[in-house]
Amino acid sequence: MADVQHRWRRCREDYETYLRLERGMADNSVKAYMQDFDNMQRFMCEQDVAPESVAREHLQQLLKQLCDLGIAPASQRRMISGWRMFFHMMVIDDIVKDNPAALLDLPIKPHHLPDVLTDDEVTAIQQTFDRSLPEGERNYVIVEVLYGCGLRVSELVNLKLSNIYVEEQYLQVIGKGDKERWVPINERALSLMLSYIHNVRSHVDVKAGEEKIVFLNRRGHRLTRQMVFIMLRDAVAAAGIKKKVSPHSLRHSFATELVENGADLRAVQEMLGHESISTTEIYTHLTRDTLRNTIAAYHPHYKK
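Let me begin by describing the structure that accompanies this report. Every chain begins its residue count from 1, and numbering advances along the sequence as written. Only residues with pLDDT of at least 70 get local features here, since the model is predicted, and only at 80 or more are side-chain atom pairs given and counted; chain-wide, interface and lining totals rely on the full set of residues. Side-chain measures here rest on the full set of heavy atoms in the structure, leaving out hydrogens and waters.

Topic: the overall build of the protein chain
Right, on to step 1. Helices and strands together make up the secondary structure of the protein chain, namely 13 helices and three strands.
Right, on to step 2. Note on exposure labels: buried denotes an accessible area under 20% of the residue type's maximum, exposed denotes more than 50%, and partly exposed covers the range between, all computed with a 1.4 Å probe on protein chains only. Expressed as a percentage of the 304 residues in the protein chain, the buried residues total 41%.
Right, on to step 3. Every residue pair with non-hydrogen atoms within 4.5 Å of one another is taken to be in contact. Residue pairs in contact within the protein chain that sit at least 24 positions apart in sequence constitute 56% of those at least 6 positions apart.
Right, on to step 4. Accessible areas in this description were obtained via Shrake-Rupley with a 1.4 Å probe; residue shielding takes into account the shown protein chains only. Here the protein chain displays about 17300 Å² of accessible surface, and carbon together with sulfur accounts for 50% of that area. The way it works is that DSSP assigns letters per residue, a run of H or I at least four long becomes a helix, a run of E at least two long becomes a strand, and they are numbered from the N terminus.

Written as structure tokens, this is what we have:
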């Protein structure tokens, strides 16, 4: 048992190094995959199964155990993906001959179409902010940038002053996996952001280490993702909107507006920073639903 645990610990160190250096993953992704690895390590140690002795049947037993605990399909997919990467590393290192996770069935990916906000609803959310207050003006601008540029909330809270290219009207964004992309910013959003920087942010006592961050709280620290979520949730409630809305809804709304108005899907993929075009294709499904609803509303045979 002690020998098995020691071998798993050594594999854990190698796997974390593999994810960071060879796969180039960001800290949050590495943390998630390592948590999944720890679940597997714990289970295998309890079964006294060494890393090189893991079979597909062992992983199926572990997956069943996790399913019984109510692990969501999306999390199951990530776990299996992580196991495949780990054993792929083991194959490369000639520790095992075959990847026992390779033939595991992935749970069907659910197609949850997100709630999309209309332009009028975004305006209604913005109108709930008291722009005479520093936080109100900041929140107004945050909604404008999320909706106008399609940023992830993590990208917004980490946006730096040096990432704003005023003349070119672009934002330099660092997305998932520390990948850089350039996102156009419309004149209205840019003007609002610059006004916030010069008239609101300039009066904040910025804390050490936060000097380059665009959006700050009243104490001079960068906002957290949770702060933005709570701010938006409260504004949605104040606007009387019944949809389930998060900061990501503004990103979805940005993309949906583009696709429904004829934007090229590849261009939308580039602006959103999607690694795969299949991720962006959800917005074509949204567009098809719009077409179906339009026919249902106006074609006489649909009303029969």
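Considering the packing of aromatic side chains
Right, on to step 1. Classification of ring pairs rests on two measures: the distance between centres of Phe, Tyr or Trp rings, Trp counted by its six-membered ring, which must be within 6.5 Å, and the angle between planes, read as stacked under 30 degrees, edge-to-face over 60 and tilted in between. By the definition in use, this model includes eight aromatic pairs.
Right, on to step 2. Aromatic pair Tyr 15 and Phe 86: ring centres 5.4 Å apart, planes at 80 degrees, arrangement edge-to-face. Here Tyr 15 is found in helix α1 (residues 2–22), whereas its partner Phe 86 is found in helix α4 (residues 73–92), with 71 residues between them in sequence. Each member of the pair Tyr 15 and Phe 86 is classed as buried.
Right, on to step 3. Here a set of aromatic residues connected by ring pairs shows up, and it is made of Trp 8, Tyr 15, Phe 37, Phe 86 and Phe 87.

Comments concerning the pattern of salt bridges
Right, on to step 1. Whenever a carboxyl oxygen of Asp or Glu lies within 4 Å of a side-chain nitrogen of Lys or Arg, that contact is scored as a salt bridge. Under the definition given, this model contains 16 salt bridges.
Right, on to step 2. Across the salt bridge formed by Asp 3 and Arg 7, the nearest N and O atoms sit 2.7 Å from each other. With a gap of four residues between them, Asp 3 and Arg 7 both fall in helix α1, about one helical turn apart.
Right, on to step 3. Note on Asp 3: relative accessible area 45%, which makes it partly exposed.
Right, on to step 4. The partner of Glu 121 in a salt bridge is Lys 243, and the shortest N-O contact between them spans 2.9 Å. Of this pair, Glu 121 sits in helix α5 (residues 119–126) while Lys 243 sits in the loop between α9 (225–238) and α10 (247–260), and the two are 122 residues apart along the sequence.

Concerning the pairing of strand β3 (residues 180–184)
Right, on to step 1. Burial along β3 is one-sided: the residues Arg 181 and Val 183 are buried and none of Glu 180, Trp 182 and Pro 184 is.
Right, on to step 2. Here, a strand pair is defined by DSSP locating no fewer than two bridges between the strands. In the sheet, strand β2 (residues 170–174) pairs with β3 via five bridges, with the strands oriented antiparallel. By the bridge assignment for β3, Gln 172 is matched with Trp 182.

A short note on the side chain of Asn 139
Right, on to step 1. Of note, Asn 139 is situated in helix α6 (residues 134–149).
Right, on to step 2. For Asn 139, a relative accessible area of 10% gives the class buried.
Right, on to step 3. In protein, a polar contact requires one atom able to donate a hydrogen and another able to accept it; more generally it is a pair of N or O atoms within 3.5 Å, and residues adjacent in sequence count only if both atoms are side-chain atoms. Among the polar contacts made by the side chain of Asn 139, one reaches the side chain of Arg 138 at a distance of 3.0 Å.

A look at the packing of helix α3 (residues 56–68) against α4
Right, on to step 1. Think of each axis as a best-fit line through the C-alpha atoms, taken over the contacting stretch in the case of a helix, with angles from 0 to 180 degrees between the N-to-C directions. At a minimum axis distance of 11 Å, the contact between α3 and α4 shows a crossing angle of 155 degrees. The angle between α3 and α4 falls in the class roughly antiparallel. For α3 against α4, the interelement crossing comes out right-handed. Contacts between α3 and α4 involve Leu 59, Leu 62, Leu 63, Leu 66 and Cys 67 from the first element and Gln 76, Met 79, Ile 80, Trp 83 and Phe 87 from the second.
Right, on to step 2. Grouping the amino acids of the contact of α3 with α4 by side-chain chemistry returns nine nonpolar, one polar and no charged. Under this scheme an angle from 65 to 115 degrees is roughly perpendicular, one under 35 degrees roughly parallel, and one over 145 degrees roughly antiparallel; angles in between are oblique. Should the near helix be turned anticlockwise from the far one by less than a right angle, the crossing is termed left-handed; should it be turned clockwise, right-handed. Residue polarity follows a fixed list, in which Ala, Val, Leu, Ile, Met, Phe, Trp, Tyr, Cys and Pro are nonpolar, Asp, Glu, Lys and Arg are charged, and the others, Gly among them, are polar.

Regarding the environment of His 252
Right, on to step 1. Position of His 252 among the secondary structure elements: in helix α10.
Right, on to step 2. With 20 residues separating them along the chain, His 252 and Leu 272 place their C-alpha atoms 9.6 Å apart.

Here's the deal with α10
Right, on to step 1. Helix span, expected: 1.5 Å multiplied by one less than the number of residues in the helix. Taking 1.5 Å per residue, 14 residues should reach 20 Å; α10 reaches 20 Å between its end C-alpha atoms and fits that length.
Right, on to step 2. Counting buried positions along α10 yields ten of 14 residues, so the element is predominantly enclosed.
Right, on to step 3. Turning to α10, its buried residues are Pro 247, Ser 249, Leu 250, Arg 251, His 252, Ser 253, Phe 254, Ala 255, Thr 256 and Val 259.
Right, on to step 4. Directly after α10, the chain includes Gly 262, whose backbone phi takes a positive value near 95 degrees.

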